[in-house]
Amino acid sequence: MPSVIRSASPRHTGITKFTNCRLVRGDELVWDDVWVSSATGKILRSQSAFYDELIMPDEVVDLGGRIVSPGFIECQLNGAYGFNFSTIADDMAQYGKQLRDLNRKLAQTGVTSYVPTVTSQTSELYKRVLPYLGPSGASRCAQEGAESLGAHVEGPFLNPARNGVHNPSALRVASSLSDLEDMYGATNITPSPSSFHRQKPSQEESEGEDDESSLPSPDQQHGNNDTIPIKMITVAPELGSMTSLIPALVSRGVIVSIGHSEATYEQASAAVAAGATMITHLFNAMRPLHHRDPGIFGVLGAPDRSSDYSTSPAHESPSPSRPAGPRPYFGLIADGIHLHPATVKIAWHAHPAGLVLVTDAMHMVGLPDGRYPWTNGEGEHFIVKRGNVLELEGTGGVIAGSSITLVDCVSNFLNYTGATIPEALRAVTATPAAMLGVQRVKGCLDAGADADLVVLSERSEDGGKRELVVDEVWKFGIKIFERGSDKIV
Amino acid sequence: MRFIIRDNAEAASAHVANYIVDRINHFAPTPAHPFVLGLPTGSSPLGVYKSLVEKYKAGEVSFENVVTFNMDEYIGIPRDHPESYHSFMWKHFFSHVNIHPSNVHILDGNAPNLEAECVQYEAKIQAAGGIDLFLAGMGEDGHIAFNEPGSSLASRTRVKTLAYGTILANSRFFNDDLHKVPKMALTVGVQTVLEAREVVVLAIGARKAIALQRCIEQGVNHMWTLSAVQLHPHSMIVCDEDATLELQVKTVRYFKDIEKAAQAQGFEHILPSKVRTGPATVPTTIVTDEFPASTIHCPQPTTSRLLRATPATEYPVRSRSPSPDLSAPRLQHHLRPDNSVETEYTDGTAAEYTTAAVFSSRSTTPDLIPDRMASRIGDPSLLVRSTPNPERQRSRSPALASSMPMVNGIKA
């Protein structure tokens, strides 16, 4: 691929201009240029930069018609490259080192930000590992690779009937908020009193304005000391008094996701009304759709009070009395194993704007095939990796997560559904960003957003099979990966 | 005037783009000796910009040492409004080529003092050494830039109210809401365009046919302001077949024939070498009180005396608006290294200010005349008055006058 680089300005501005490329803008691929600054790590408003700052790009990158997508956002990742987030090392400094290593490698797959997921574990493990998994983008250092947007605790307040490979003996029932604080550690789920009270009035003030203004500012999102490590929590809302705890979690800025649950349609609807905005790996670890009791999936068929997320009235504060809000987002594992392709297509058509593609990948992703030791906290198990399939040994084929990369999920999705490329990329960029409340800074190519970019090539085989390949990855305006060159710039 | 007819819009645009590229490359601009290009906005030049961008990307031309001046800009919409001419130029041209932002000049429709902005703009054009090639489109009513029918053919850069027809036509870019369409604009004057060393006009489509006929076959007329290019020594109008609909067959054939004949002889219209390569050095403009500065350096204008430039400095004196040098720092930024022109310009304005101040003080305060009633009072010292006529004082009582050396700053 041609990559013409020429110096256009004698002044060093740290600005790169991508030209001759197709940008993912909404549901379209648009031929346009995009300017990024390595100094601010953001996408520039190029016209203002030109007329106001009188600056020109240091280098112009001709992408030869390739696709520029916002960096991918992975919402469910259990580990990778042999490192499992749900483990305690004897020396926790080792944990931090392995995590940094993972971040750098993960970024090469196009995932520039992600939500590290911890499965159902003991309280001790949560308290030890969560401080490491909180938002890590504050340093804005491109060389650190993928950035955590906060941790996802998938458990332990789950239904034992839908435990998947989670250890049933680790599962708990919560009756009050203190149960959660005891489990995860109060500092991991409750902001320190000073910051909590400081944030509170500002949220109330902004009510009544458009709902975008009530979003946390990028500073708040990017892990200053006030933010808590937990960004997202998967719960079974039908257990204990979990549904009534949802508003308190939402007010802490935690995304509540329904999953590993036996919830009926009514219970799931009540959870959504209480503020749950996400469904963890839809179809997996929940009741199947029954035509008279549609279960959790049925929530996607609920009539939308407001047709669009962005137009939802801001005066609706997250309280139990709130009428049913917009339909929740939902994660789908499009690895070809967890779900039948037709199921993926049905779910997408049910609620296109809510679809978030996730991998649910285990730490075996990126490793060769083989038999790997694994523990869910109880005894020693082995997971057999064969290609992208992970099975728990001795269970006769229980799927133990996946080992697929997110870009392959996107390619699968393209082939399963016949979606256009921007529609498919939206499920790993704009939609997860909106789900996590970071749509201003992540998952888009608008001016002011973080300059996390993925350059993609499009391949199609004779059979009409389409595939996207990650050619380059840029983080905060700096190239950190180029396919075919081993060194990370 | 050269008049080039091409079969369709694409060919006409391509001809103009080729012509500009040839001119720039022949000019061989350098940082000290840039090519100065005047640029239009609107639908006609879109094809030209597209073509220029393609040629830039193909490596046929570089805009590194090209200085541009745009014709016009709306007043009262944000600079980055999608319909502003800043946005138009960015979207269709500047963002795709290697032009340096400090070489780009577009009138600022949000300037605090619009008159001063216009005066500065003319000064910037002068400072850049005048415009080498002014590309222009043509309105359906024959307007050039925003110089709508009835504009003075001697006009300069100024604030212009838009005609209702223009507002109506432009409303399609503003959700068909007439209230959103700016009602005013800043525009270069007809004279500003005529002072360029070369003017190239592009007229495309049947809608322009009547205007083209008026501008080519009829006389110079302020109701069809573009007709003023008839007075320009080096002008070229390029159009497609559709735009010739209202012309006489004779006219069309004549211009086609001479183009064909010239090509057969291998003789392309060639500008005088001085025009082709521009002045070797940036000339110094001398602003005097007596006569408006001539901004045409070469060749000397052949326009009539009546069409001579209106002095660009008339605005501050007449309206007593703040001196343009208030925003001098920004202006300096855009100037060539030697800002001698700017300095002289500012001085000249200052001098005129002083003159105006003296005049106004005289006219408001009547001359002091001796109070005749004072002669009835015995005390002779009362005869001495503050008066601007010391001679008379002296003749009446010389002894007293000599004892008062200074009266009102005038030595007795």
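Because the structure is a prediction, the values reported are computed rather than measured.

Next up on the list: the overall build of chain B. Of the regular secondary structure elements, chain B holds 14 helices and twelve strands. Relative to its 412 residues, chain B shows a buried fraction of 50%. If you take every contact in chain B between residues at least 6 apart in sequence, the share linking residues at least 24 apart comes to 77%. Total accessible area computed for chain B in this model is approximately 19,900 Å², and 56% of it derives from carbon and sulfur atoms.

The next point concerns the overall build of chain A. In terms of regular secondary structure, chain A is built from 13 helices and 23 strands. Counted over contacts in chain A with a minimum sequence separation of 6, partners at least 24 positions apart contribute 70%. Carbon and sulfur atoms make up 51% of the accessible area of chain A, which amounts to about 19,300 Å² in all.

On to helix 2 (residues 92-107) of chain A. All names here are of chain A. Across its 16 residues, helix 2 extends 23 Å between first and last C-alpha, which sits within 8% of the 22 Å expected from 1.5 Å per residue. Taken together, the buried positions of helix 2 are occupied by Met92, Tyr95, Gly96, Leu99, Leu102, Asn103, Leu106 and Ala107. Take helix 2 and look down its axis: the buried residues cluster within an arc of 120 degrees, on one side only. For helix 2, the N-terminal cap is aspartate 91; the gap from its side-chain oxygen to the backbone nitrogen of alanine 93 is 3.0 Å.

If you look at the biggest cluster of nonpolar residues, it comprises 88 residues, and the most contacted ones within it are Phe72, Phe85, Leu180, Tyr184 and Leu425 of chain A. Of all hydrophobic cores here, the second largest spans 51 residues; its members include Ile15 and Ala49 of chain A together with Tyr74 and Ile99 of chain B.

Below, the discussion takes up the packing of aromatic side chains. The relation between two aromatic rings is expressed through the spacing of the ring centres and the mutual angle of the planes. Tallied over the full model, the rule gives 26 aromatic pairs over all chains. Ring geometry for phenylalanine 50 of chain A against tyrosine 51 of chain A: centres 5.3 Å apart, planes inclined by 80 degrees, an arrangement best described as edge-to-face. For tyrosine 51 of chain A, a relative accessible area of 13% corresponds to the buried category. Seen from their ring centres, tyrosine 56 of chain B and phenylalanine 63 of chain B are 6.5 Å apart, and the 50 degrees between their planes marks the pair as tilted. Each member of the pair, tyrosine 56 of chain B as well as phenylalanine 63 of chain B, carries the same accessibility label: buried.

Within the UniProt annotation, "domain: Glucosamine/galactosamine-6-phosphate isomerase" (unreviewed entry) is assigned to residues 8-230 of chain B. This span, residues 8-230 of chain B, is 33% helix and 15% strand, and a straight line between its end C-alpha atoms measures 24 Å.

By a widely used convention, the size of an interface equals the accessible area lost when the partners come together. Taken together, the 19 residues of chain B in the interface contact 14 residues of chain A. Across the chain B to chain A interface the summed buried area is about 1,400 Å²; carbon plus sulfur atoms make up 56%. Interface area lost by chain B to chain A is led by Arg79, Trp90 and Pro101 of chain B, which between them contribute 44%. Taken together, chain B and chain A are joined by one salt bridge. Across the pair aspartate 52 of chain A and arginine 79 of chain B runs a salt bridge, and its minimum N-O distance is 2.4 Å. One can count seven residue pairs in polar contact (both at pLDDT 80 or more) joining chain B with chain A. Of all the secondary structure elements, the ones that give two or more residues to the side of chain B that touches chain A are helix 2 (46-57) and helix 3 (85-92) of chain B.

Glancing now at the sheet that holds strand 7 (residues 158-161) of chain B. Residues and elements named next belong to chain B. Strand order in this open sheet of three strands is 4-8-7, and the pairing throughout is antiparallel. Across the chains shown, the open sheet's two edge strands, defined by having one partner strand only, are strand 4 (72-74) and strand 7. Taken pair by pair, the neighbouring strands of this sheet meet at an average axis angle of 30 degrees, ignoring direction. Where strand 7 lies against strand 8 (residues 184-187), four bridges are found, and the strand directions are antiparallel. Counted as the bridge partner of lysine 160 is alanine 185 from strand 8.

Attention now moves to the pairing of strand 15 (residues 329-333) of chain A. Residues and elements named next belong to chain A. Counting buried positions along strand 15 yields five of five residues, so the element is predominantly enclosed. Here strand 15 shows no split at all, with Tyr329, Gly331 and Ile333 on one side and Phe330 and Leu332 on the other all buried. In this sheet, strand 15 lies alongside strand 14 (residues 278-279) in parallel orientation, the contact comprising two bridges. Note on strand 15: the bridge partner recorded for methionine 278 is tyrosine 329. Strand direction decides the pairing type here: strand 15 and strand 16 (residues 355-358), joined by four bridges, are parallel. When the bridges of strand 16 are listed, leucine 332 appears paired with leucine 357. Considered for its hand, the β-α-β crossover made up of strand 15, helix 10 (residues 341-350) and strand 16 is right-handed.

Before going further, it helps to spend a moment on the environment of asparagine 412 of chain A. All names here are of chain A. Its place among the elements puts asparagine 412 in helix 11 (residues 406-417). For the pair asparagine 412 and isoleucine 296, spaced 116 residues apart in the sequence, the C-alpha separation amounts to 24 Å. Once you skip the residues sitting within four places of it in the chain, asparagine 412 turns out to touch Ala334, Asp335, Gly336 and Ile404. Looking at asparagine 412, its side chain comes within polar contact range of the main-chain oxygen of alanine 334, at 2.9 Å.

Residues and elements named next belong to chain A. By the definition in use, this model includes 34 salt bridges over all chains. The salt bridge partner of arginine 22 is glutamate 458, with a shortest N-O separation of 3.5 Å. Linking arginine 22 in strand 1 (residues 15-25) with glutamate 458 in strand 21 (residues 453-460), this pair joins segments that are 436 residues apart in sequence. In this structure glutamate 458 comes out as partly exposed when scored by relative accessible area, which is 41%. Salt bridges here are not isolated pairs; linked through shared partners, they connect Lys42, Arg140, Glu147, Lys442, Asp450, Asp452 and Lys475.

To continue, consider the environment of aspartate 176 of chain B. Mapped onto the elements, aspartate 176 of chain B comes out in the loop between helix 5 (164-170) and strand 8. Separated by 25 residues in the primary sequence, aspartate 176 of chain B and serine 151 of chain B place their C-alpha atoms 27 Å from one another.

All names here are of chain A. Two elements in contact, helix 2 and helix 3 (residues 123-133), have axes whose closest approach is 10 Å; the angle formed by their N-to-C orientations is 40 degrees. Between helix 2 and helix 3, the angle is such that the two are oblique. When you trace helix 2 past helix 3, the crossing you get is right-handed. Here helix 2 contributes Met92, Ala93, Tyr95, Gly96 and Leu99 to the contact with helix 3, which in turn contributes Arg128, Val129, Tyr132 and Leu133. Classifying every residue of the contact of helix 2 with helix 3 by side-chain character gives seven nonpolar, one polar and one charged.

All names here are of chain B. Pairing is parallel in the open sheet, where seven strands are placed in the order 1-10-9-6-2-3-5. Edge positions in the open sheet fall to strand 1 (2-6) and strand 5 (104-105), since each of these has one partner strand only. Bridge analysis of strand 2 (residues 35-39) against strand 6 (residues 133-137) gives two bridges, and the strand direction is parallel. Among the inter-strand pairings, glycine 38 is bridged to a residue of strand 6, identified as phenylalanine 134.

Moving on to the side chain of serine 402 of chain A. Residue and element names in this part refer to chain A. Among the secondary structure elements, serine 402 is positioned in strand 20 (residues 399-402). Polar contacts involving the side chain of serine 402 include one to the main-chain carbonyl oxygen of threonine 359, which spans 2.4 Å. With residues near it in sequence (within four places) discarded, serine 402 still touches Asp335, His338, Thr359, Asp360, Ala361, Met362, Asn388 and Leu390.

Here we take up the confidence of the model for chain A. Per-residue confidence for chain A gives a mean pLDDT of 84, with 85% of residues at or over 70. Low pLDDT, under 50, characterises residues 1-9 of chain A; the stretch is placed with 21 contacts to residues that sit more than four places away or in other chains.

All names here are of chain A. The residue after glycine 155, namely proline 156, is reached through a cis peptide bond having omega 5 degrees. Residue placement: proline 156 occurs in the loop between strand 11 (151-154) and helix 4 (177-184). Phi at asparagine 20 takes a positive value of approximately 55 degrees, unusual for a residue other than glycine. Along the chain, asparagine 20 falls in strand 1. One non-glycine residue, tyrosine 81, lies in positive phi territory at about 55 degrees. Looking at the secondary structure, you find tyrosine 81 in the loop between strand 7 (79-80) and strand 8 (83-84).

What follows is about the state of the cysteines. All names here are of chain A. Under the criterion given, the structure shown has zero disulfides over all chains. Here cysteine 75 stays unpaired: no disulfide links it, and the sulfur of cysteine 409, its closest cysteine neighbor, is 12 Å away. With no disulfide of its own, cysteine 444 lies 15 Å from the sulfur of cysteine 75, the closest cysteine sulfur. Classification of cysteine 444 by relative accessible area gives buried; the value is 15%.

Conventions we followed
- Residues numbered from 1 in each chain as written.
- Chains lettered and ligands numbered in written order.
- Predicted model: local features only at pLDDT ≥ 70, side-chain atom pairs only at ≥ 80, totals over all residues.
- Heavy atoms only, no water.
- Helix = DSSP H or I, 4+ residues; strand = E, 2+ residues; numbered from the N terminus.
- Buried < 20%, exposed > 50% of the residue type's maximum accessible area, 1.4 Å probe, protein only.
- Contact = heavy atoms within 4.5 Å.
- Areas by Shrake-Rupley, 256 points an atom, 1.4 Å probe, with all protein chains shown as cover.
- Expected span 1.5 Å × (residues − 1).
- Arc of directions from axis to C-beta.
- Polar contact = N/O pair within 3.5 Å; in protein donor to acceptor, adjacent residues only side chain to side chain.
- Core = buried A, V, L, I, M, F, W, Y, C linked by side-chain atoms within 4.5 Å.
- Phe/Tyr/Trp six-rings, centres within 6.5 Å; stacked < 30°, edge-to-face > 60°.
- UniProt positions renumbered as here; feature names shortened; annotations may be inferred.
- Buried area = accessible area lost by both parts, 1.4 Å probe.
- Salt bridge = Lys/Arg side-chain N within 4 Å of Asp/Glu carboxyl O.
- Pairing = 2+ DSSP bridges.
- Axes fitted to C-alpha atoms, helices over the stretch in contact; angles between N-to-C directions.
- Right-handed = clockwise from strand over helix to strand, strands pointing away.
- Parallel < 35°, antiparallel > 145°, perpendicular 65-115°, else oblique.
- Left-handed = near helix turned anticlockwise from the far one by under 90°.
- Nonpolar A, V, L, I, M, F, W, Y, C, P; charged D, E, K, R; others polar.
- pLDDT = per-residue confidence, 0-100.
- Disulfide = S-S within 2.5 Å.

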